[in-house]
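Residues per chain are reported as follows:
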Amino acid sequence: MKSLKQAGIGQTVRVVKLHGEGAVKRRIMDMGLTKGVEVYVRKVAPLGDPIEVTVRGYELSLRKADAEMIEVE
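Definitions and cut-offs
- Residues numbered from 1 in each chain as written.
- Predicted model: local features only at pLDDT ≥ 70, side-chain atom pairs only at ≥ 80, totals over all residues.
- Heavy atoms only, no water.
- Helix = DSSP H or I, 4+ residues; strand = E, 2+ residues; numbered from the N terminus.
- Buried < 20%, exposed > 50% of the residue type's maximum accessible area, 1.4 Å probe, protein only.
- Pairing = 2+ DSSP bridges.

Its location among the elements puts serine 3 in strand 1 (residues 2–3). With a relative accessible area of 5%, serine 3 lands in the buried category.

Taken in spatial order, the six strands line up as 1-6-2-3-4-5 in an open sheet, and their pairing is antiparallel. Looking at strand neighbours, the two that pair on one side only are strand 1 and strand 5 (58–62), the edges of this open sheet. Pairing geometry for strand 4 (residues 51–55) and strand 5, over five bridges, is antiparallel. Looking at the pairing, valine 55 lines up with tyrosine 58 of strand 5.

Read these as spatial facts, not as claims about activity.
Spelled out as structure tokens, the structure:
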């Protein structure tokens, strides 16, 4: 299992599964991160938090904790 947090800069990955429950999972899905969508990792802040990605044509910043809940391939 590889999480979005482990994806390298410039890498395009596909979401396989969302971990987490309730409101946290719903918030991630509301941001457009659903099963099967492609995510491009644009930047990672110097200390690793936040991670900037491009998903469905727009830029999105995710906290490290949220990125860990997103399983990718």
